[in-house]
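# What the coordinates show
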Amino acid sequence: MASNRIRVSERMLFTWFTIAGFILLFAPQGLSDRLHFTFTKIFQWPLTFGRAVTLTKHSNSGNTNELTRRELQYRNLIANLQRQLEQAKMQIEQLSLLRARLPLQGAALMPANVVTAISNSELVINCGSEFAVQKGQFVLTDICIIGTIDAVDYYQARVKLFTDPASMIEVNIGKPAIARLMQGTGRNSAKIPNVPRKHKVKKGDLVYARKKAGCLDTPIIIGTVSQCRPDDEKPLLWNITVEPACSIEALLQVYVLVMNPQKPARF
Amino acid sequence: MRWFRFVVLVVVIAIIQSAFLEKIAFTDQHVKPDLLLTLVVFFSICGVSEAKKARLGGWEFNISEAVITSFAIGFVADVLARSLGPRIISYGLFGTLLAHLHRVVSAKRITYQALIIFITSIFAGALVALLTLVQQKTPATFKLLLWTSIYSAIAGPFFFLPAAWWMRIKTRRFTKF
């Protein structure tokens, strides 16, 4: 009996692997997510370390960056408070006899570290369903919304930034505020289509994420209008580009907005 | 093939690809080299077993290892991109094709290696985009694919030497063919 090693021909190997590839091509997205979460869970330490190392180039400019960040934080805070005040006034007017619940009263902010970035518009964070994080919840940093939870594992979750081409978030824009869907461009910005030119929108206007049942009970700033010009193809509409209200390229920590959490917050 | 070393190399490259390459990424589209595809090219042109004399004359290579490594790297690339299927098929197909081509063409010079990486990256990227469309997802733009291919072609050949050292592959032996 010589060696009984099974020899498989190259063609057979290629055929098997190709068939396996096609089976995986039509496998449910949940399987891809689970495998990716497993990878990030196993190699969490080197991935987090790598991200911290690579982001040092963003933090090298020192005090100027910190100052700009603080300014942005205060601007976002003021904008959110103004919008909350407006909302509270409206509630008082409409329901003067009823006791109004303050915005974000029952919400908790779950802090989470960014483990790694899948692309320039998706992040993996180390906070999952263990802390009541669910798909669709909003993610904040520097007091402004940056995206939503796209997939959840027990220990981790994936954040789809609003700049991702697959991201669609309902927003309010202009005065008086109109509701539109904002779609990411994949280039650190987003577009708001179908805004008629009769609405007054200008560069620098603030854009707010709309209230969403179970996820957000008060509008929160999401970005600012960086470009607003008549659409080349449809001259009766605006071509609006929105840039994030904070720097989303060098994120190390974010907060998940959990409305009415069933479990205690992390801190 | 030293399979344990291969697994360690692929895992290290996967971590570098997903966490460390941001430092050398440029433009707002975060263009960075595709090290996993470079690895596919490396194993397809340097990782094939030693040639034997064919019965009908000429040389015969055993490309089974190149086929396995191409599909395995494709699987890892798919896990990183969290979209199973496109890269397994694409990297596997082009890795196998390259290994077959290695019977007639050898890439000794760094410029040839860069050219092979560029061409493979373009074609493999196009097939990945096509298969991503089949999955009803948004594929990468051609501009991003082009810049990634150029970047991979520039950076890739410099990665061959440490990879060959780690895999204990004598790249010089290919120069005689």
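Conventions used here
Residues numbered from 1 in each chain as written. Chains lettered and ligands numbered in written order. Predicted model: local features only at pLDDT ≥ 70, side-chain atom pairs only at ≥ 80, totals over all residues. Helix = DSSP H or I, 4+ residues; strand = E, 2+ residues; numbered from the N terminus. Buried ≥ 20, exposed ≤ 12 C-beta atoms within 10 Å, placed from the backbone. Contact = placed C-beta atoms within 7 Å. Domains from an automatic or database assignment. Nonpolar A, V, L, I, M, F, W, Y, C, P; charged D, E, K, R; others polar. Pairing = 2+ DSSP bridges. Axes fitted to C-alpha atoms, helices over the stretch in contact; angles between N-to-C directions. Expected span 1.5 Å × (residues − 1). Core = buried A, V, L, I, M, F, W, Y, C linked by C-beta atoms within 7 Å. Parallel < 35°, antiparallel > 145°, perpendicular 65-115°, else oblique. Left-handed = near helix turned anticlockwise from the far one by under 90°.

Another aspect to go through is the overall build of chain B. In terms of helices and strands, chain B carries six helices and two strands. Secondary structure elements of chain B occur, N-terminal to C-terminal, as α-α-β-β-α-α-α-α. Every one of the 177 residues in chain B was classed for burial, and the buried ones make up 47%. Sequence-distant contacts in chain B: of pairs separated by 6 or more residues, those separated by 24 or more amount to 70%.

All names here are of chain A. Considered domain by domain, chain A is made up of domain 1 (59-164 + 251-259) and domain 2 (168-244). Within the residue set of the side of domain 1 that touches domain 2, elements represented by two or more residues are helix H5 (63-94), strand S4 (144-152) and strand S12 (253-259). The biggest single contributor to the side of domain 1 that touches domain 2 is H5, with six residues. For the side of domain 1 that touches domain 2, the per-class residue count stands at ten nonpolar, nine polar and two charged.

Residues other than glycine seldom take positive phi values, yet A:Asp142 does so here, at roughly 50°. Within the element layout of this structure, A:Asp142 appears in the loop between strand S3 (138-141) and S4.

Attention now moves to the sheet that holds strand S11 (residues 237-244) of chain A. Taken in spatial order, the six strands close into a barrel running S6-S7-S8-S11-S10-S9 (chain A), and their pairing is antiparallel. Put simply, the sheet's adjacent strands are angled 40° from each other on average, direction ignored.

Turning our attention to helix H2 (residues 35-46) of chain B. All names here are of chain B. Taking 1.5 Å of rise per residue, the twelve residues of H2 would be expected to cover 16 Å, and the 16 Å separating its terminal C-alpha atoms lies within 8% of that figure. For H2, the buried fraction is high: twelve of the twelve residues fall into the buried class. Within the span of H2, buried status applies to Leu35, Leu36, Leu37, Thr38, Leu39, Val40, Val41, Phe42, Phe43, Ser44, Ile45 and Cys46.

Counting residues in hydrophobic clusters, the biggest one holds 106 residues, and the most contacted among them are A:Ile125, A:Val133, A:Cys144 and A:Ile222. With twelve residues, the top contributor of residues to this core is helix H3 (residues 64-81) of chain B. Residues lining this core come from more than one domain, with at least three contributed by each of domain 1 (59-164 + 251-259) and domain 2 (168-244) of chain A. Beyond its immediate chain neighbours, meaning those up to four positions away, A:Cys144 contacts A:Asn76, A:Ile220, A:Ile221, A:Ile222, A:Ala245 and A:Cys246.

Contact with chain A, which involves 31 residues of that partner, is made by 28 residues of chain B. Contributing elements (two or more residues each) for the side of chain A that touches chain B: helix H1 (10-25), helix H2 (29-42), helix H3 (44-54) and strand S1 (107-119) of chain A. The residue inventory of the side of chain A that touches chain B, partitioned by class, reads 17 nonpolar, nine polar and five charged.

In this section: the environment of B:Thr141. Among the secondary structure elements, B:Thr141 is positioned in the loop between helix H5 (110-134) and helix H6 (142-166). Residues B:Thr141 and B:Ala25, 116 residues apart in the sequence, show an inter-C-alpha distance of 16 Å.

What follows concerns helix H1 (residues 3-20) of chain B. Helix length check: H1(B) (18 residues) gives 25 Å between terminal C-alpha atoms against 26 Å at 1.5 Å per residue, within 8%. Inspection of H1(B) places B:Phe6, B:Leu9, B:Ala14, B:Gln17, B:Ser18 and B:Ala19 among the buried residues, and these make up the whole buried set. Elements in contact with the buried residues of H1(B): H3 and S1 of chain A together with H2, H3 and H6 of chain B.

Further remarks concern the environment of A:Lys175. All names here are of chain A. For Lys175, the location among the structural elements is in the loop between strand S6 (168-173) and strand S7 (178-184). Residue classification places Lys175 among the exposed positions, given that 11 C-beta atoms sit within 10 Å. Measuring from C-alpha to C-alpha, the distance between Lys175 and Lys200 comes to 6.5 Å, with 25 residues separating the pair along the chain.

Turning next to the sheet that holds S3(A). Residues and elements named next belong to chain A. Pairing in this closed barrel of six strands is antiparallel, and the strands run S1-S2-S5-S4-S3-S12 around the ring. Averaged over all pairs of adjacent strands, the angle between strand axes in this sheet comes to 45°, irrespective of strand direction. Direction of pairing for S3 relative to S12: antiparallel, over a ladder of two bridges. Across the sheet, Leu140 pairs through a bridge with Tyr255, a residue of S12.

Residues and elements named next belong to chain B. Following both chains from N to C, one finds H1 and H3 inclined at 30°, their axes separated by 11 Å at the closest point. Compared by their axis directions, H1 and H3 come out roughly parallel. H3 is crossed by H1, and the crossing has right-handed handedness. Each of Phe6, Val10, Ala14, Gln17 and Ser18 in H1 lies in contact with H3, whose residues at this interface are Thr69, Ala72, Ile73, Val76 and Leu80. Split by residue class, the contact of H1 with H3 holds seven nonpolar, three polar and no charged.

In this section: the pairing of strand S2 (residues 122-125) of chain A. Residues and elements named next belong to chain A. By the alternation rule, side chains of S2 split into Glu122 and Val124 and Leu123 and Ile125, which are all buried. Summarising the sheet, S1 and S2 pair through four bridges and their orientation is antiparallel. Residue pairing for S2: Thr116 is matched across the bridge by Val124. Linkage of S1 to S2, two consecutive antiparallel strands, is achieved through a turn of two residues. Sheet analysis places S2 next to strand S5 (residues 157-161), joined by four bridges and oriented antiparallel.

Residues and elements named next belong to chain A. Along S4, nine of the nine residues are buried, which leaves the element largely enclosed by surrounding structure. As judged from the four bridges shared by S3 and S4, these two strands associate in the antiparallel manner. Paired with Phe138 across the two strands is Thr148, which belongs to S4. Between the antiparallel neighbours S3 and S4 lie two residues, among them Asp142 with a positive phi of about 50°. When S4 meets S5, the two strands line up antiparallel, connected through five bridges. Bridging across to S5, Ile149 finds its partner in Val159. The turn joining S4 and S5, which pair antiparallel and follow one another in sequence, is formed by four residues.

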